[in-house]
Amino acid sequence: MTVPAAPRDAVLDNARALLIVLVVVGHLLQSVPGASANVVGQWIYSFHMAAFVAVTGHLSRSYTGDARQAGRLVTTLAVPYLLFQTIHAALDVLVLGRPFRLDVVTPSWTLWFLVALLAWRLLTPVLRALRHPWAVAVALSLLAPLDDALGPELSAARIVGMLPFYVAGMALTRDTLHRWRARVPAWWGVVVLVGALLACWVLDDQVRASMFFMNTSYADRHDSAALALMVRALALGAGLVGTAAVLVVVPARTRWFTRWGRYSLYVYLLHPLVLYPVRYTDLADGWSTPAHTAVLAAAGVALTALLAAPAVVRAARWIVEPPLARRLLRPPSPASLAP
């Protein structure tokens, strides 16, 4: 007997659509100089990955580690990671003229998320068994970077650093989400997000986007452990508040951009291939004015729409969801097919 799939929640798809646009725009703005690009980039990074991880945690609530779910980790995360890691290594050769070097331990650019998601999914049953999983996640996020050896290898720093957002998403039920949206007006979320943008503008000299990356130990970014702990706590707070604001402001019904959220993984994996020359060369060095920032933001929206288009999704399915990966899995046993 086939269990019908749960209906899609337009709120979550719309949230992912907004967030994947911010991912693309943020990566574009990171590649150019200028005060306006810096401020908008800081604002984006203060909440967008936190919200993305929280939504991912919510969508992973049902993970129990059965054979079907474990197989999906292989076909949708592990194999695509290896394929795109190889593609990034090839781009280093083609775009930058570097010798080919495939490093599967240290994820290239955006691919850290696939490794982190694989780890978070595997940890989900353990987190569910804990009495206070969020407290444990916060403690790990705050204390683990005291270890100087913590770094980008296997996304270890980001796995523990952003774990509180994943656990918060796990704890958020669909009913709780919609009750929250019913009680909190959308304008509250707009005020929070606009206020965060103004704060990034006022505090431009004090705020750095790297505060929200959570991809290294404290020793790599701060002079003292006390300051590092304070900055990490503020980053966690900003991410949680920004996540709440995003979940309030997005519409509850399907819109023309909802598809972008449904295919956010395609956009996430494909857009670095397009932006590689912009990020790693001086192609956009002269784009430093507010007008340039606005143009790049519009280009990010357009690129998101293009990469989530039906034709692109069909063409890229073989690598984002490689059918050959299924051959790595054992066929389901008759017992697992029984109703």
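Going by the structure above, here's the rest.
All values reported here derive from a predicted model rather than from experimental measurement.

Participant: Describe the overall build of the protein, with residues and values.
Facilitator: Secondary structure assignment for the protein yields 16 helices and zero strands. Relative to the 2.2 N^0.38 estimate, which gives 20 Å for 339 residues, the radius of gyration of the protein is 20 Å and therefore close to what a compact globule would have. On the principal axes, the C-alpha backbone points of the protein span a range of 60 × 50 × 45 Å. Considering only contacts within the protein whose residues lie at least 6 apart along the sequence, 83% involve residues at least 24 apart. Entry remark: accessible area of the protein is about 16900 Å², with carbon and sulfur atoms responsible for 66%. The centroid of the 28 positive side-chain charges in the protein is displaced by 15 Å from the centroid of its 16 negative side-chain charges.

Participant: Account for the side chain of Ser217, naming residues and giving values.
Facilitator: Mapping Ser217 onto the fold places it in the loop between α10 (186-202) and α11 (225-249). Of the polar contacts made by the side chain of Ser217, one reaches the backbone oxygen of Asp148; its length is 3.5 Å. Look past the residues within four positions of Ser217 in its chain and what remains in contact with it is Pro145, Asp147, Asp148 and Leu150.

Participant: Describe in detail the nonpolar core, supporting the description with residues and values.
Facilitator: Counting 85 residues, the largest nonpolar core has Trp112, Phe113, Trp120 and Met162 as its most contacted members. No other element matches the 13 residues that helix α1 (residues 10-30) contributes to this core. Once you skip the residues sitting within four places of it in the chain, Trp112 turns out to touch Met49, Pro107, Trp120, Ser155, Arg158, Met162 and Tyr268.

Participant: Account for the packing of aromatic side chains, naming residues and giving values.
Facilitator: Inspection of the entire model under this criterion finds 15 aromatic pairs. Ring centres 5.2 Å apart and planes at 70° place the aromatic pair Tyr45 and Phe213 in the edge-to-face group. Residue Tyr45 is located in helix α2 (residues 35-45), and its partner Phe213 is located in the loop between α10 and α11; the two are separated by 168 residues in the primary sequence. Grouping residues by exposure puts Tyr45 and Phe213 together as buried. Relative to Trp260, the ring of Trp256 has its centre 5.4 Å away and its plane inclined at 85°; by these criteria the two rings are edge-to-face. Judged by relative accessible area, Trp256 falls into the exposed class, the value being 67%. The structure contains a cluster of three or more aromatic residues connected by ring pairs, namely Phe52, Trp112, Phe113, Trp120, Tyr166 and Tyr268. Between Arg158 and the ring centre of Trp112, over which it is positioned, the NZ or CZ distance is 4.4 Å.

Rules of the game
Residues numbered from 1 in each chain as written. Predicted model: local features only at pLDDT ≥ 70, side-chain atom pairs only at ≥ 80, totals over all residues. Heavy atoms only, no water. Helix = DSSP H or I, 4+ residues; strand = E, 2+ residues; numbered from the N terminus. Rg over C-alpha atoms; globule rule 2.2 N^0.38 Å. Contact = heavy atoms within 4.5 Å. Areas by Shrake-Rupley, 256 points an atom, 1.4 Å probe, with all protein chains shown as cover. Lys, Arg positive; Asp, Glu negative; His and termini not counted. Charge placed at Lys NZ, Arg CZ, Asp CG, Glu CD. Polar contact = N/O pair within 3.5 Å; in protein donor to acceptor, adjacent residues only side chain to side chain. Core = buried A, V, L, I, M, F, W, Y, C linked by side-chain atoms within 4.5 Å. Buried < 20%, exposed > 50% of the residue type's maximum accessible area, 1.4 Å probe, protein only. Phe/Tyr/Trp six-rings, centres within 6.5 Å; stacked < 30°, edge-to-face > 60°. Lys NZ or Arg CZ within 6 Å of the ring centre and 35° of its normal.

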